Amino acid sequence: MRVLGIESSCDDTCAAVVEDGSIILSNVVSSQIDIHKKYGGIVPEVAARSHIEAINPVIEQAMIEANLDWDGIDAIAVTYGAGLSGSLLVGTLAARTLAITKHKPLFPANHVIGHVYANFLVDKPKFPLLALIVSGSHTQLVLFRDHLDYLVIGKTMDDAVGEAYDKVARIIGLTYPGGPSIEKAGQSGDANRYKFPKAQMPKREIELPKSWYKTPDNTSQNILVSNGEDENRVNGVYDFSFSGLKTAVLRCVQKEIGKDFDYPSYKLAEHLSERQVADFAASFNKIAAETLVEKTLKAYNEFSPKSVVIAGGVAANQELRLQLKQALPIEIKYAPINLCTDNAAMIATLGFYLSKLQDPTNPHEVKINPVLRM
Ligand code: KG4
Ligand code: ZN
């Protein structure tokens, strides 16, 4: 089965064709990074306008590279959330139009779940599966019992980790997107020069989905080890917080260069030496990765999943990959970087699995959901 995937939730216009959820026939990404770089972040209106210009050529290119005409496409999958409304509208409108005019079944896809499914293009991870999802807008630990049968066991209470990378990069004068800039600048830095605190998160009770409840004869494939009196709840300690870390970096930079709280933050970087920038980048990169790895290891030890995957833009981070590899007693097959950041191959792959479990959606009824959750 060949699925055309369309993704336009943020600042990349993407289309891809994937066969049977595993073979990439084409994977086209038109990046807007150079446009947004000069603003230090994404400008939603500019992103939407750029998507309008790029969407048709990108889809056409994906069809050409896959060497297919429309008869060769069995279904279309499109990201309908979460993301920027103007951006999502462009991709979903293109997908709806194509589904109607080319008579193809349409599967709306959740962008964040799509990131997890990028890993099915590399290897077929086994269930139960633990996914660490780390992007510009999400930081989550999710347990999958089977395809699309999951429980979010940890999430960020404030900033996403990618957002923290982007904000810290701005404070120390590095370009957008912050993740790759921080990683590069930090290569020559001392990761132990600046000490930043790790957020301590309170316990949060998590209710299990009904289908995960333990049955009296214990036939359910519940993978959760319940530690309370109520067997249908678990005590979560897997939440994240990154806004404190970002503020800690800001305060440390202010202190380092002898400037007060009210000094404009966009001017701070002018006073930093190249060495200081490298050391700040390395120190932040190390602690951000450590925070993610600690919680992932804890969840691994509690739930003993058969596989662990990392997903989303921050999954491209080499320090995170290295620390995870050292911490976990399980082999992790990492996706190549172009499948970690936004792409449509992951959406086409998710579309393939959606088509096995769900009916297609009437293209006239597909609506965007900018705040869609897992
Ligand atoms: O998944 P993604 O491409 O878009 C969203 O869905 O948000 O993730 C973008 C985020 C940005 O915050 C970017 O700074 C971060 O991923 N990122 C990285 C790296 N490459 C991208 N963070 C750390 N290290 C990287 N190498
Ligand atoms: Zn993404």
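Residues numbered from 1 in each chain as written. Chains lettered and ligands numbered in written order. Predicted model: local features only at pLDDT ≥ 70, side-chain atom pairs only at ≥ 80, totals over all residues. Heavy atoms only, no water.

### Focus on the packing of aromatic side chains
Part 1 of the reasoning: A full pass over the atoms with the stated rule returns 12 aromatic pairs.
Part 2 of the reasoning: Ring centres of Y194 and F280 lie 3.8 Å apart, and the angle between their planes is 5°; this geometry places the pair in the stacked category. Here F280 lies in helix α9 (residues 274–303) and Y194 lies in the loop between α6 (178–186) and β9 (204–207), a separation of 86 residues in the sequence.
Part 3 of the reasoning: In this structure Y194 comes out as buried when scored by relative accessible area, which is 7%. (Phe/Tyr/Trp six-rings, centres within 6.5 Å; stacked < 30°, edge-to-face > 60°. Helix = DSSP H or I, 4+ residues; strand = E, 2+ residues; numbered from the N terminus. Buried < 20%, exposed > 50% of the residue type's maximum accessible area, 1.4 Å probe, protein only.)

### Observations concerning the packing of α9 against helix α10 (residues 318–327)
Part 1 of the reasoning: At a minimum axis separation of 9 Å, α9 and α10 run at an interaxial angle of 35°. Of the two possible hands of crossing, α9 and α10 adopt the one that is right-handed. Mapping the contact onto sequence places N285, K286, A289, E290, L292, V293, T296 and L297 in α9 and E319, L320, Q323, L324 and A327 in α10.
Part 2 of the reasoning: Among the residues making up the contact of α9 with α10, the classes are represented as 7 nonpolar, 3 polar and 3 charged. (Axes fitted to C-alpha atoms, helices over the stretch in contact; angles between N-to-C directions. Left-handed = near helix turned anticlockwise from the far one by under 90°. Contact = heavy atoms within 4.5 Å. Nonpolar A, V, L, I, M, F, W, Y, C, P; charged D, E, K, R; others polar.)

### Let's talk about the pairing of strand β1 (residues 2–7)
Part 1 of the reasoning: Taken across its 6 residues, β1 has 5 buried, putting it largely inside the fold.
Part 2 of the reasoning: Where β1 meets strand β2 (residues 12–19), 6 bridges bridge the pair, whose relative direction is antiparallel. Bridged to I6 within β2 is A15.
Part 3 of the reasoning: Hairpin geometry of β1 and β2 is characterised by an intervening segment of 4 residues between the two adjacent antiparallel strands.
Part 4 of the reasoning: Note: β1 against strand β4 (residues 75–81), 4 bridges, orientation parallel. Considered in β4, the bridge of G5 is made with A77. (Pairing = 2+ DSSP bridges.)

### Considerations on the coordination of the zinc ion (ligand 2)
Part 1 of the reasoning: Only H111 (NE2), H115 (NE2) and D342 (OD) from the protein reach the zinc ion (ligand 2) as donors, at distances of 2.0 to 2.1 Å.
Part 2 of the reasoning: When the donors of the zinc ion (ligand 2) are listed by position in the chain, the intervening gaps give H-x3-H-x226-D. Of this pair, H115 sits in helix α4 (residues 111–117) while D342 is found in the loop between α11 (337–340) and α12 (345–357), placing the two residues 227 residues apart along the sequence. Judged on exposure class, the residue H115 and its partner D342 are both buried. (Donors = N, O, S within 2.8 Å, 3.2 Å for Na, K, Ca; no water.)

### Let's talk about helix α7 (residues 243–256)
Part 1 of the reasoning: With 14 residues, α7 ought to run about 20 Å at 1.5 Å a step, and its terminal C-alpha atoms sit 20 Å apart, in line with that.
Part 2 of the reasoning: Elements that come into contact with the buried residues of α7 comprise α5 (161–171), α8 (265–268) and α9.
Part 3 of the reasoning: Downstream of α7 by a residue or two, G258 has a phi angle that is positive, lying close to 70°. (Expected span 1.5 Å × (residues − 1).)

### Regarding the sheet that holds strand β6 (residues 129–134)
Part 1 of the reasoning: The sheet built from 4 strands is open, its strands ordered β8-β7-β6-β11 with mixed pairing. Whereas interior strands pair on both sides, the edge strands pair on one side only; in this sheet they are β8 (149–155) and β11 (307–311). Strand after strand, the sheet turns through a mean of 20° between neighbouring axes, direction not considered.

### Considering the side chain of T79
Part 1 of the reasoning: Summarising the element assignment, T79 is placed in strand β4.
Part 2 of the reasoning: Here E7 takes part through its side chain, which lies 2.6 Å from a polar atom of the side chain of T79.
Part 3 of the reasoning: The residues touching T79, leaving out its near neighbours within four places in the chain, are I6, E7, S9, L88, T92, A109, H111 and I347. (Polar contact = N/O pair within 3.5 Å; in protein donor to acceptor, adjacent residues only side chain to side chain.)

### What about unusual backbone geometry?
Part 1 of the reasoning: Residue P128 follows F127 across a cis peptide bond; omega there is -5°.
Part 2 of the reasoning: Within the secondary structure layout, P128 lies in the loop between α4 and β6.
Part 3 of the reasoning: The omega torsion of the bond from Y176 to P177 falls at -5°, within 30 degrees of zero and hence cis.
Part 4 of the reasoning: Mapping P177 onto the fold places it in the loop between α5 and α6.

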